[in-house]
Amino acid sequence: MVSSIDLESLVVGYKSPVIENVNLTVNSGEIVALIGPNGAGKSTVLKTITRQIQKMDGKIVIMGQDEDGISEDNLAKKLSMVTTERIHPELMSCFEVVSTGRYPYTGRLGILSKEDIKIVKKAIEMVGAKDVANKDFSKVSDGQRQRVMLARAICQEPEILILDEPTSFLDIQFKIDILSVIKNLAKEKNIAVLMSIHELEFVPAVADKVVAVSDGKVFKIGTPDEILTGENLASLYHMSLDESNVLATGLIDYSNSLKRVLCQK
Amino acid sequence: MENKSRKYITIMAVMFILLVGLFFLCLGWGSADITLKEIFGSLLNPGDVHMGRIVVSIRLPRITAAILLGGALSVSGFLLQIFFGNPIAGPYVLGISSGAKLIVAIVMVFMLSQGKYISALGMVAAAFIGSLIAMGIVMLLSNKVKNMSLLVVCGVMIGYLCSAITEFIIAFADDTNIVNLHNWSLGSFSGISWEDVAISAIIVIVAFVFSFVLSKPIGAYQLGESYARNMGVNIKHLRILLILLSSILSATVTAFAGPISFVGIAVPHILRTILKTSKPIVMIPGCFLGGAIITLLCDGIARSAFSPREISISAVTAIGLSPIVIYLLIKRKEVSHG
């Protein structure tokens, strides 16, 4: 089986490298969480994969094909994203924002077919944004906007979903909702998900694999249980072992509760 | 969805009818009042009477130019607003029209001093180069000045600077055509020939069709650069096309009618308010129609309000449209893209 994303000795950065030697595989149906302190370069890795910035060195392989050789149109059909960037579309309803996800599939003038509209509606339903579909995007809450942006990414019918901090700044209910949608996407549609996340307590509940980055390199890759130990957290976030042990113990308790909540969804 | 499309089509149909009505009204309107019957008579049988000559060789080209160039100006403004991701943008307020005016004036005065006339196409080329130079300066500034209102202030300053230099050039030029040049530099459709109309029609129609076909990537671009790129839009190409199209459209206007104030910034705003959408596939034809109506109306007022004296069209558009621009500047919360 071909893996969805293969990063081979990838070097990312702007003028100088932010993270070097990233080797990572994400398979279809798998959720991989990227964790690490602020400024560690999580977003830089994601932006490089989505071609927002140019890679400095190494290789990005998407569905078995070198990304350099994939045209913009084709990449759009394989990979979609939700970034932390706030968008300000003028006079656009949430439905219209979601429907932009159909871009790679519509004709020259971008007019939606009946099939497109059906897919858009389904995506809106999936994220639970039906009641805001006709509202002006700029007038709904942050949580709703995030749902809409996720629906937009789903509409693109990708095989890979790249999410940059999809749950930051949301209340607990929205966090749970968004993450349960992401989990369903991976399991039901077999989509490969690579996301950066700051809320470590959610990581065991959603992620199959964790990539910890810190100090310009990939610190460790493993299952949530392997990574979220007191020892690892101490070196990852530069805190004392006493502090991190307390946190790690609490983290396990809380994440078990969240796991139960997410399973009920 | 279908309801919305029907709404857009209805509004455009109403605007089209309005434009046709205004077209006939303007044919009759002016220092020589002509009745509807005389208009039709002269249109069907042009060489016939004195009235016929006024209608066919003076008013008709002028009115056609106002429609085409007014539409071009608003579409140019809309494209600039997309480019800057901000509704406070237009070829006049950013100094692009004045840049075009300056280069046209320089070329014109130089040619006149050599005893030659500049061709219509030459005027457009000069205006296009001027537009691109001014646009380049505005883009350089926009790297430094992230605040759009401040960028507009810079644009207005560029405009003043170019106008001042143009005044100097005109003052030092020595020719009887200077009077025309002076009128043109303030913005006027007077004296437009059929040849000018034909050339502007070709350029404007081609640029309009190009812009319309770009509706899809432009729509994606409204969601910001990163999302547009993720949807498969080639951002670099799109940005270059937006600059070239908006510049050629406003350059054509400046070449034949001089700089016309505020139509490019205000008309897209009026249309967004009426249509309640910013979708380019609706806004591009909407802006064209709206710009045509407003420019035709303002030109009608410019030539008949104090007839037989004519005032510059920019004076009329400024009185009518600058309040809208002020409103936009006040209401607008600064949002940064990126």
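Worth saying up front: this structure is predicted, and the values here are computed from it rather than measured. (Residues numbered from 1 in each chain as written. Chains lettered and ligands numbered in written order. Predicted model: local features only at pLDDT ≥ 70, side-chain atom pairs only at ≥ 80, totals over all residues.)

## Some points on the overall build of chain B
Part 1 of the argument: Counting secondary structure elements, chain B contains 14 helices and 0 strands.
Part 2 of the argument: Listing each helix as α and each strand as β along chain B from the N terminus yields α-α-α-α-α-α-α-α-α-α-α-α-α-α.
Part 3 of the argument: The C-alpha radius of gyration of chain B comes to 20 Å, within 12% of the 20 Å expected for a compact globule of 338 residues.
Part 4 of the argument: Per-residue burial over chain B gives 49% buried out of 338 residues. (Helix = DSSP H or I, 4+ residues; strand = E, 2+ residues; numbered from the N terminus. Rg over C-alpha atoms; globule rule 2.2 N^0.38 Å. Buried ≥ 20, exposed ≤ 12 C-beta atoms within 10 Å, placed from the backbone.)

## Digging into the overall build of chain A
Part 1 of the argument: Tallying secondary structure elements over chain A gives 10 helices and 10 strands in all.
Part 2 of the argument: The C-alpha atoms of chain A give a radius of gyration of 18 Å, which matches the 18 Å a tight globule of 265 residues would have.
Part 3 of the argument: Principal axes of the C-alpha set define a box for chain A whose edges measure 55 × 40 × 35 Å.
Part 4 of the argument: Each of the 265 residues in chain A was classed as buried or not, and the buried ones make up 47%.
Part 5 of the argument: A fraction of 69% describes how many contacts in chain A between residues 6 or more apart in sequence connect residues 24 or more apart. (Contact = placed C-beta atoms within 7 Å.)

## Brief notes about the environment of lysine 189 of chain A
All names here are of chain A.
Part 1 of the argument: Looking at where lysine 189 falls in the secondary structure, it is placed in helix α6 (residues 172-189).
Part 2 of the argument: A residue is classified by how many C-beta atoms lie within 10 Å of it, and lysine 189, with 15 of them, is partly exposed.
Part 3 of the argument: C-alpha of lysine 189 to C-alpha of proline 158: the two residues are 31 residues apart in sequence and 9.6 Å apart in space.

## Digging into the environment of valine 93 of chain B
Residues and elements named next belong to chain B.
Part 1 of the argument: Within the fold, valine 93 resides in the loop between α3 (50-84) and α4 (96-113).
Part 2 of the argument: The spacing of valine 93 and isoleucine 63 is 30 residues in sequence and 25 Å in space, taken between C-alpha atoms.
Part 3 of the argument: Look past the residues within four positions of valine 93 in its chain and what remains in contact with it is Val152, Gly155, Val156, Ile265 and Val325.

## Focus on the packing of α4 of chain B against helix α5 (residues 120-144) of chain B
Two packed helices can be described by the angle between their axes and the distance between those axes.
Residues and elements named next belong to chain B.
Part 1 of the argument: Running from N to C, α4 and α5 cross one another at 135°; their axes reach a closest spacing of 7 Å. On the basis of their axis angle, the class for α4 and α5 is oblique. Note on packing geometry: the crossing formed by α4 with α5 is right-handed. Facing Ile96, Ser98, Gly99, Ala100, Lys101, Leu102, Ile103, Val104 and Val107 of α4, the residues of α5 in contact are Met123, Ala126, Ala127, Ile129, Gly130, Ser131, Ile133, Ala134, Met135 and Val138.
Part 2 of the argument: In the contact of α4 with α5, the residues fall into 14 nonpolar, 4 polar and 1 charged. (Axes fitted to C-alpha atoms, helices over the stretch in contact; angles between N-to-C directions. Parallel < 35°, antiparallel > 145°, perpendicular 65-115°, else oblique. Left-handed = near helix turned anticlockwise from the far one by under 90°. Nonpolar A, V, L, I, M, F, W, Y, C, P; charged D, E, K, R; others polar.)

## Some words on the pairing of strand β4 (residues 57-62) of chain A
Where a strand is regular, its side chains alternate between the two sheet faces.
Residues and elements named next belong to chain A.
Part 1 of the argument: As paired strands, strand β1 (residues 5-13) and β4 are joined by 5 bridges and run antiparallel to one another. Among the inter-strand pairings, aspartate 6 is bridged to a residue of β4, identified as valine 61.
Part 2 of the argument: With 2 bridges joining them, β4 and strand β5 (residues 65-66) adopt antiparallel strand pairing. Residue pairing in the sheet places isoleucine 62 in a bridge with glutamine 65 of β5.
Part 3 of the argument: Taking the residues between adjacent antiparallel strands as the criterion, β4 and β5 are bridged by 2 residues, where methionine 63 takes a positive phi near 50°. (Pairing = 2+ DSSP bridges.)

## Regarding α5 of chain B
Residues and elements named next belong to chain B.
Part 1 of the argument: Relative to the 36 Å expected for 25 residues at 1.5 Å per residue, α5 spans 37 Å between its end C-alpha atoms, a close match to the ideal helical length.
Part 2 of the argument: For α5, the set of buried residues is Met123, Val124, Ala126, Ala127, Phe128, Gly130, Ser131, Ala134, Met135, Val138 and Ser142.
Part 3 of the argument: Tucked inside the fold, the buried residues of α5 contact α4, α6 (148-172), α8 (194-213) and α11 (235-257). (Expected span 1.5 Å × (residues − 1).)

## Here's the deal with the interface of chain B and chain A
Part 1 of the argument: Listed per partner, the contact involves 22 residues of chain B and 24 residues of chain A.
Part 2 of the argument: Counting residues per element, the ones that place at least two in the side of chain B that touches chain A are α9 (215-221) and α10 (225-230) of chain B.
Part 3 of the argument: Tallied by class, residues from the side of chain B that touches chain A come to 8 nonpolar, 10 polar and 4 charged.

## A word on unusual backbone geometry
Residue and element names in this part refer to chain A.
Part 1 of the argument: Residue glutamate 165 is not a glycine yet carries a positive backbone phi of 45°.
Part 2 of the argument: Tracing the chain through its elements places glutamate 165 in the loop between β7 (160-164) and α6.
Part 3 of the argument: A positive phi angle, close to 50°, is found at aspartate 215, a residue other than glycine.
Part 4 of the argument: Following the sequence through the fold, aspartate 215 ends up in the loop between β9 (209-214) and β10 (217-222).

## Some details on the nonpolar core
Note that soluble globular proteins tend to have their nonpolar side chains buried in a common cluster.
Part 1 of the argument: Counting 177 residues, the largest nonpolar core has Ala33, Val98, Ala151, Val193 and Val203 of chain A together with Ala127 of chain B as the members making the most contacts within it.
Part 2 of the argument: At 16 residues, α3 of chain B tops the list of elements feeding residues into this core.
Part 3 of the argument: When residues no more than four places from it in sequence are discounted, the contact partners of alanine 33 of chain A are Met195, Ile197, Val203, Ala207 and Val210 of chain A. (Core = buried A, V, L, I, M, F, W, Y, C linked by C-beta atoms within 7 Å.)

## Observations regarding the pairing of β10 of chain A
Residues and elements named next belong to chain A.
Part 1 of the argument: Across 5 bridges, β9 lies against β10 in antiparallel orientation. Bridged to serine 214 within β10 is lysine 217.
Part 2 of the argument: Where β9 hands over to β10, the hairpin turn is made up of 2 residues, of which aspartate 215 adopts a positive phi near 50°.

## A short note on the packing of α4 of chain B against α6 of chain B
All names here are of chain B.
Part 1 of the argument: It is at 8 Å that the axes of α4 and α6 come closest, and there the two elements cross at 15°. As the angle between them shows, α4 and α6 are arranged roughly parallel. As α4 runs across α6, the sense of the crossing is left-handed. Residues Ser98, Gly99, Lys101, Leu102, Ala105, Ile106 and Val109 of α4 touch α6, and the partners they reach there are Ile158, Gly159, Cys162, Ser163, Ile165, Thr166, Ile169 and Ile170.
Part 2 of the argument: Here the contact of α4 with α6 is composed, by residue class, of 9 nonpolar, 5 polar and 1 charged.

## Remarks on helix α4 (residues 114-126) of chain A
Residues and elements named next belong to chain A.
Part 1 of the argument: An ideal rise of 1.5 Å per residue puts 18 Å on 13 residues; α4 measures up with 18 Å between its terminal C-alpha atoms.
Part 2 of the argument: Check the buried side of α4 and you find it contacts α3 (94-99) and α5 (142-155).
Part 3 of the argument: Looking one or two residues beyond α4, the residue adopting positive phi is glycine 128, at roughly 75°.

## A short note on the environment of valine 197 of chain B
Residues and elements named next belong to chain B.
Part 1 of the argument: Along the chain, valine 197 turns up in helix α8.
Part 2 of the argument: A residue is classified by how many C-beta atoms lie within 10 Å of it, and valine 197, with 21 of them, is buried.
Part 3 of the argument: Spatially, the C-alpha atom of valine 197 lies 17 Å from that of arginine 53, the residues being 144 residues apart in sequence.

## Describing the confidence of the model for chain B
Residue and element names in this part refer to chain B.
Part 1 of the argument: Taken over all residues, the pLDDT of chain B has a mean of 88, while the share at 70 or more is 93%.
Part 2 of the argument: Residue range residues 334-338 is modelled with pLDDT below 50. Its contacts to residues more than four positions away, or to other chains, number 6 contacts.
Part 3 of the argument: For this predicted complex, the interface score ipTM comes out at 0.92, alongside a pTM of 0.91. (pLDDT = per-residue confidence, 0-100.)

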